[in-house]
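Single-letter residue listing:
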Amino acid sequence: MKQVIIWLIRAGLFGVFFLLTFYLFDWDFVRRQGERLLCHPGWLVWMALAYLLAFGLRALAWRTYLRGHVSFSACLHGLFYSLFINHVLPVKAGDIIRIGYIVKREAISWSEAVHSVVVLRLLDMLVLGGMAAAGILALGLSLPTVVFWFALAGSIAVVGVVYTWLKKSERGFLRKHVHMLRDGLAGQRGFLIVVATIFSWVLEAWVIYGVVRALALDISFLEGVWANSVTIAGQTFHFTPGGVGTYESVMSFSLAALGTEWQDAYLATLLSHAFKFVFSYVAGLYVLFCAPLSVGEMREWIKGRMQPNNEK
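Residues numbered from 1 in each chain as written. Predicted model: local features only at pLDDT ≥ 70, side-chain atom pairs only at ≥ 80, totals over all residues. Heavy atoms only, no water.

1. A look at empty space enclosed by the protein
Take a probe with the size of a water molecule and roll it over the atoms, and the empty space left behind shows itself.
Next up, step 1: All chains considered together, the criterion is met by one cavity of 30 Å³ or more.
Next up, step 2: Computed from the structure, the largest cavity encloses a volume of approximately 30 Å³.
Next up, step 3: Contributions of two or more residues to the lining of the largest cavity are made by helix H2 (27-38) and helix H12 (262-290).
Next up, step 4: Considering each element in turn, the lining of the largest cavity owes the most residues, three residues, to H12. (1 Å grid on protein atoms, 1.4 Å probe; cavity = no way out; pocket = protein on both sides within 12 Å on 5 of 7 lines; lining within 4 Å. Points joined across faces, edges and corners; volume = space filled by probe spheres on them. Helix = DSSP H or I, 4+ residues; strand = E, 2+ residues; numbered from the N terminus.)

Shown next as C-alpha cells:
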C-alpha cells in the first residue's frame, strides 16, 4: 500500500509537470529570461557560493555527528558524490554512494555510516517540515493542500524508514543505534548539528531567490526559503534524474501560491533547477578527479552486494 501511494503521488506530480510544460513552455521566453539571468554574474556567483556553503555546513554536521572520526573533506566529497549521482540516475541512490565512499576513505563501519546518514536525512525532513509550517503561518498563507501533501510525504518517509529498520533489527541492534543516536546528538554537538542543518537549507534558498531577483519577480528572501523548503520536501518522491518533474511541479505551485504568475513561477523553477544541475555536474567532475571511485565500486554499492570489511 505504501508503494502504491508513493507511485500515485509521483504520477500526480509528474502529470502536473507535463501540463505546466504543455501550456506554459515557450522556448523564446525561456531563452530571453535565461540570457537575462546570465547578465547578472554577481547573482550567479553568490548563488554558487551560497549553495557550496550549504554543502559545507552539511559536511560539518555529518562530521560532528560522527564525533570527528572522519575528515571534513571526506564528508564534503561524499555529499558531492551523492548530489552528482542523484542528478545522473533515475533513482535516489546518492546516499548509497555517500555511505560507501565514507566507509572506504575513512575506515568506519558500514552500519555506523548508514546510521549517520539516516539520522541526518530524518533531521533534514524535520527541519524542512518546520520551515514549511512556519512559513505558512508567517506568510499568512492558506494552503491546506500543501500541508496535507507535505504531512503525507513526511509521514510516509518516516514510517517507511522506521518500519524497515524495526523489521530487520534485533533488540541488541536497536539498543546499539539508540545509544549512537543519543551520543551523536548530545549536548553542544547536537546543537551544532541542528543549527548547521537549519542554516544549510536557508543558504540553499539563495538559489531560487537569486533567480527571482535577477528576473525582477516580487518574492522576498523568506518566501524563497519557504518555497525551497516545500520543494525539497517534495523530492521525497524523486524518481527521475535530479527529481525532474517533481521539483518543477512543487516549486511552481509554491511560487504561484505566493502570488507569482504561473508562467513566471514555472520559468524561475526551470532556471533554478538548471543551475542546480550544472552545479551537481561540476561537483561530480571535481570529486571524480580529486577523490575518484570506480564505476564497479559504485555499481556494487547500489546493487547492495558490498560486504563491509570493517564492522565495529
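2. Some details on the pattern of salt bridges
Once their charged atoms are close, side chains differing in charge can pair, the charge on each being opposite to the other.
Next up, step 1: Using the criterion set out here, one finds nine salt bridges in the structure.
Next up, step 2: A salt bridge links Glu-204 to Arg-58; the nearest nitrogen and oxygen atoms lie 2.7 Å apart. With Glu-204 in helix H9 (residues 187-214) and Arg-58 in helix H3 (residues 41-65), this residue pair connects regions lying 146 residues apart in the sequence.
Next up, step 3: Here Glu-204 falls in the buried class, since its relative accessible area comes to 4%.
Next up, step 4: When its relative accessible area of 11% is taken as the criterion, Arg-58 is described as buried.
Next up, step 5: Among the ionic pairs, Lys-104 bridges to Glu-297, the shortest N-O distance being 2.5 Å. One end of the pair, Lys-104, is in helix H5 (residues 94-106); the other, Glu-297, is in helix H13 (residues 295-303), and 193 residues separate them in sequence.
Next up, step 6: Classification of Lys-104 by relative accessible area gives partly exposed; the value is 40%.
Next up, step 7: Here the residues in one salt-bridge network are Asp-95, Arg-98, Arg-121 and Asp-124, joined through shared partners. (Salt bridge = Lys/Arg side-chain N within 4 Å of Asp/Glu carboxyl O. Buried < 20%, exposed > 50% of the residue type's maximum accessible area, 1.4 Å probe, protein only.)

3. A word on the nonpolar core
Next up, step 1: Among the nonpolar cores identified, the biggest contains 86 residues, and Phe-55, Trp-62, Ile-102, Leu-255 and Ala-268 are the most heavily contacted of them.
Next up, step 2: Excluding residues that lie within four positions of it along the chain, Leu-255 makes contacts with Ile-208, Ala-227, Thr-260, Ala-265, Ala-268 and Thr-269. (Core = buried A, V, L, I, M, F, W, Y, C linked by side-chain atoms within 4.5 Å. Contact = heavy atoms within 4.5 Å.)

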